[in-house]
Amino acid sequence: MDYDEVGDVDGVPVRVPIDDSYRTCSECGADCYPDPGITVEGQGARIAFVCAEHGVNAVVDPFEGQR
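Residues numbered from 1 in each chain as written. Predicted model: local features only at pLDDT ≥ 70, side-chain atom pairs only at ≥ 80, totals over all residues. Heavy atoms only, no water.

S.K.: Residues and numbers for the environment of glutamate 53, please.
M.R.: Here glutamate 53 is to be found in the loop between strand E4 (47-51) and strand E5 (55-60). Assessed through its relative accessible area of 64%, glutamate 53 is described here as exposed. Taking C-alpha positions, glutamate 53 is 8.6 Å from cysteine 28, a pair spaced 25 residues apart along the chain. (Helix = DSSP H or I, 4+ residues; strand = E, 2+ residues; numbered from the N terminus. Buried < 20%, exposed > 50% of the residue type's maximum accessible area, 1.4 Å probe, protein only.)

See below:
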């Protein structure tokens with residue numbers, strides 16, 4: 001996934017995805033809802049975007065570039 005850096009907070013870069021395709025269901029085109037409950041211990045923060053009909057569509061790690 002590609003990101004655009006929009007500034008920083010206390011020296012930590014703030015990045016946002018360039019497009020919103022990560023939250024659009026690839027099967028039905030619905031807007032997926034975020035579910036931060038899929039974290040794996042020791043693997044950092046991850047957010048799943050879940051379609052109500054088709055399940056998990058994408059998993060985003062907002063701190064991927066910081067590891």
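S.K.: Would you mind going over the pattern of salt bridges in detail, with residue names and values included?
M.R.: On inspection of all chains with the given rule, the structure shows 1 salt bridge. Of the charged contacts, one joins aspartate 31 and arginine 23 as a salt bridge, the two residues approaching to 3.0 Å between their closest N and O atoms. For aspartate 31, a relative accessible area of 57% corresponds to the exposed category. (Salt bridge = Lys/Arg side-chain N within 4 Å of Asp/Glu carboxyl O.)

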